[in-house]
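Structure assessment
Each chain, letter by letter, is given below.
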Amino acid sequence: MTDLRAAVAAGVLGVEEGYRALLRATVDVARAIFHAKASSVFLLDEDADELVFEAVAGGGSESLVGRRFPSSTGVAGWVLVTRQPLVIDDLAQDARFSRDAAESTGYVPRSLMAVPLLVEDRVLGVLEVLDRPNVEPFTLAEMDLLGLLGNQAAIALDLLQRARRARAALNGEGELARFAARLEHASEERQAAGLDLLRALEELLD
Amino acid sequence: MSVLAHESEEELPAWSFPTSAGESSLLPSDWPDRVTREWAWGGATGAGVRVCVLDSGIELDHPLVGTVERSVAVSKDGSEITIADDTAGDLCGHGTACAGIIRSLAPECELTSVRVLGAGYTGSAPVLLAGLEWAIEQGFEIINMSLSTTKKQYVDRLHELADAAYFKRTLLIASAHNMPVESFPWRFAAVISVGSHEAPDPFVVYANPRPPVEFFARGLNVDVAWLGGATINATGNSFATPHVAGICALILGKHRDLTPFQVKSVLHLTALNVGGGA
């Protein structure tokens, strides 16, 4: 059991870094494809009902990661709640646009593309692309591309959250971790009984 | 009273059509052999049609929106949902954008704002449902819903409300999703679902031969009203939806007695790809 737990731990700890890198790569690609100044992924923290900067490319940089704001703030909040992607230009004209959130980042964009990050019936966050050059009119093909990038970011974010939950469990923050620890230290006979019980539970859940 | 209770108010028998009632009562008397745009909304202003914008609120006194008849906000405190008159306007800009589009097409319609944004993410679905139910109870002719939910536990209730609206002659006009996910209410047959086309004409509607998205309207690079009296350029099915809401307000302003089924038929017959461009 100890070996198994160590192997799982090694896998979980490794992949979390990998998923973070995947998410970061996605915002880098989003920024590059649209020739934009910046791109970010916001993670929805359901417990706190807040959006959290999870990955940032370009203006604003890594110092933003971890910053939070209420989940119904401004355009990102609207996109999150309504599941509808949006593209808007000339935000600078708008004196009140997300002023609090924008000023807290030290960066007020002129244009913004935002798409909800959806996995099955869950919304995990929002992908934003800021300040693409406003030389060519926007097209529906670009809207579709934004949706596809959002889908990729959603998958990365889902994997990252799963890895975090797995790590939390391994760190003893959950009932399953405590159960695993008890099993590790139990006699062979009790281990076998415990595993039988687990299999029965698994069947029940199926 | 629940909006679902209306069915029991109908006189019995509710589900039969006696032949003695004749064959004439189903269509408005002036229904033409060929439905054209001119017949459908030529000369119409939307006067007398009550349109509800279920969204982030509507900014008061925005020059592109004009008079807003009433603004209410739906809020959630614990499990308690409250619907109250509100003066806070728009929390995002989006509802103002939708209202401005409807106003630009139907200058004399009555606009009401129901704000369902602001309760945070976790309160969003119950607040949306409560706002929709309230709007149906108020008997608006049109409810613009440039929003959707993916939460499966609310789908049945949303479905009931969409059907209740349909039978109460309230048109629900809802934004479709251009992403590969299941979301609602736009997928329901009782609503009019809208995606975007690329043409710049606000009156051009295309009928989709491959639903669930039924119609496409202008949703690309639209100049829309935004916060602070501003105008911005915006793209999304969110902005195609109020174009259809505005056109429906014109149709209903001119032909008061049409049912949602008939309005949908008029939209279909006047769609550019169905031959109704005249």
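Residues numbered from 1 in each chain as written. Chains lettered and ligands numbered in written order. Predicted model: local features only at pLDDT ≥ 70, side-chain atom pairs only at ≥ 80, totals over all residues.

1. Some remarks on the overall build of chain B
Note the cut-off: Helical segments are the DSSP runs of H or I of at least four residues, strand segments are the runs of E of at least two, and each set is numbered from the N terminus. The burial label depends on the number of other C-beta atoms within 10 Å of a residue's C-beta. Counts of 20 or more mean buried, 12 or fewer mean exposed, and intermediate counts mean partly exposed, with C-beta atoms placed from the backbone. We call two residues in contact when the distance between their C-beta atoms, placed using the backbone, is within 7 Å.
For chain B, the helix and strand inventory stands at six helices and eleven strands. Looking at chain B residue by residue over its 278 residues, the buried ones come to 53%. Residue pairs at least 24 apart in sequence account for 72% of intrachain contacts in chain B once pairs closer than 6 positions are excluded.

2. Let's talk about helix H2 (residues 74–82) of chain A
Across the nine residues of H2 of chain A, nine count as buried, placing the element largely inside the fold. Buried within H2 of chain A are the following residues: Gly74, Val75, Ala76, Gly77, Trp78, Val79, Leu80, Val81 and Thr82 of chain A.

3. Regarding the environment of Ile155 of chain A
Residue and element names in this part refer to chain A. When you line up the elements, Ile155 lands in helix H4 (residues 140–173). Classification of Ile155 by C-beta neighbours within 10 Å gives partly exposed; the count is 17. Once the C-alpha coordinates of Ile155 and Pro137 are considered, the two residues, 18 residues apart in sequence, prove to be 29 Å apart.

4. As for the sheet that holds strand S5 (residues 112–119) of chain A
Our working rule: A pair of strands is labelled paired if DSSP reports no fewer than 2 bridges between them. Here an angle of 0 to 180 degrees is reported between the N-to-C directions of two axes, which are lines fitted to C-alpha atoms, with helices fitted over the stretch in contact.
Judged by pairing direction, the sheet is antiparallel, and its eight strands sit side by side in the order S3(A)-S2(A)-S1(A)-S6(A)-S5(A)-S4(A)-S11(B)-S10(B) without closing on themselves. Edge positions in the sheet fall to strand S3 (68–70) of chain A together with strand S10 (222–225) of chain B, since each of these pairs with one other strand and no more. Here the average twist between neighbouring strands, direction ignored, is 30°. The pairing of strand S4 (residues 86–89) of chain A with S5 of chain A spans three bridges and is classified as antiparallel. Of the residues in S5 of chain A, the one forming a bridge with Leu86 of chain A is Ala114 of chain A. Along the sheet, helix H2 (residues 94–105) of chain B makes contact with S10 and strand S11 (231–235) of chain B, crossing S10 of chain B at roughly 110°.

5. Examining the interface of chain B and chain A
Heads up, the rule is: As a working rule, the residues Ala, Val, Leu, Ile, Met, Phe, Trp, Tyr, Cys and Pro are called nonpolar, Asp, Glu, Lys and Arg charged, and the rest polar, with Gly in that last group.
Contact residues are listed per partner, giving 41 residues for chain B and 38 residues for chain A. Listing elements by their share of the side of chain B that touches chain A, those giving two or more residues are S11 and helix H5 (237–254) of chain B. With four residues, S11 of chain B is the largest single contributor of residues to the side of chain B that touches chain A. In terms of residue class, the side of chain B that touches chain A is built from 15 nonpolar, 23 polar and three charged.

6. A look at the packing of helix H3 (residues 124–137) of chain B against helix H4 (residues 155–167) of chain B
All names here are of chain B. The cut-off we apply is this: In what follows, roughly perpendicular refers to angles from 65 to 115 degrees, roughly parallel to angles under 35, roughly antiparallel to angles over 145, and oblique to any angle outside these ranges. Handedness of a helix crossing follows the sense of rotation of the near helix relative to the far helix, less than a right angle counterclockwise being left-handed and clockwise being right-handed.
Between H3 and H4, the shortest axis-to-axis distance is 10 Å and the interhelical angle comes to 15°. One element, H3, and the other, H4, form an angle in the roughly parallel class. You can see that H3 and H4 cross each other, and the crossing is left-handed. Only Arg157, Leu158, Leu161, Ala164 and Ala165 of H4 make contact with H3, whose side of the interface consists of Leu129, Leu132, Glu133 and Ile136. Its residues placed into classes, the contact of H3 with H4 shows seven nonpolar, no polar and two charged.

7. Describing unusual backbone geometry
Pro185 of chain B follows Phe184 of chain B through a cis peptide bond whose omega is 15°. The topology assignment puts Pro185 of chain B in the loop between strand S6 (171–175) and strand S7 (192–197). Despite not being glycine, Arg83 of chain A has its phi angle at roughly 60°, a positive value. Considering the arrangement of structural elements, one finds Arg83 of chain A in the loop between H2 and S4. One non-glycine residue, Arg169 of chain B, lies in the positive phi region at around 65°. Mapped onto the fold, Arg169 of chain B is located in the loop between H4 and S6. Classification of Arg169 of chain B as partly exposed rests on a count of 17 C-beta atoms within 10 Å.

8. Remarks on helix H6 (residues 188–205) of chain A
Counted only if it meets this: Take the residue count of a helix, subtract one, and multiply by 1.5 Å to get its expected span.
A rise of 1.5 Å per residue sets the reference length of H6 of chain A, with its 18 residues, at 26 Å; its end C-alpha atoms lie 26 Å apart and thus fit the reference within 8%. Counting buried positions along H6 of chain A gives zero out of 18 residues, so the element sits mostly on the surface.

9. Let's talk about the sheet that holds strand S8 (residues 206–207) of chain B
Residue and element names in this part refer to chain B. Spatial strand order, S3-S2-S4-S1-S5-S6-S7-S9-S8: nine strands in an open sheet with mixed pairing. Because the sheet does not close on itself, it has two edges, and the strands there are strand S3 (80–85) and S8. Where strand S1 (residues 50–55) lies against strand S4 (residues 110–115), six bridges are found, and the strand directions are parallel. Bridge pairing in S4 links Asp55 to Arg115.

10. Points about the confidence of the model for chain B
Any residue range with low pLDDT should be treated as having predicted coordinates unsuitable for detailed reading. Heads up, the rule is: Confidence scores per residue from the predictor, reported as pLDDT, run from 0 to 100.
Mean pLDDT over chain B: 90, with 88% of residues reaching 70 or higher. The ipTM value of the predicted complex is 0.84, and its pTM value is 0.86.

11. Observations concerning the packing of H2 of chain B against H5 of chain B
Residues and elements named next belong to chain B. It is the contact of H2 with H5, at a shortest axis distance of 8 Å, that shows an interaxial angle of 35°. Seen from above, H2 lies across H5 with right-handed handedness. Between H2 and H5, the residues in contact are His94, Ala97, Cys98, Ile101, Ile102, Ser104 and Leu105 and Ser238, Phe239, Pro242, His243, Ala245, Gly246, Ile247, Ala249 and Leu250, respectively.

12. Things to note about the environment of Leu112 of chain A
Considering the arrangement of structural elements, one finds Leu112 of chain A in strand S5. Separated by 67 residues in sequence, Leu112 of chain A and Asp45 of chain A have C-alpha atoms that sit 22 Å apart.

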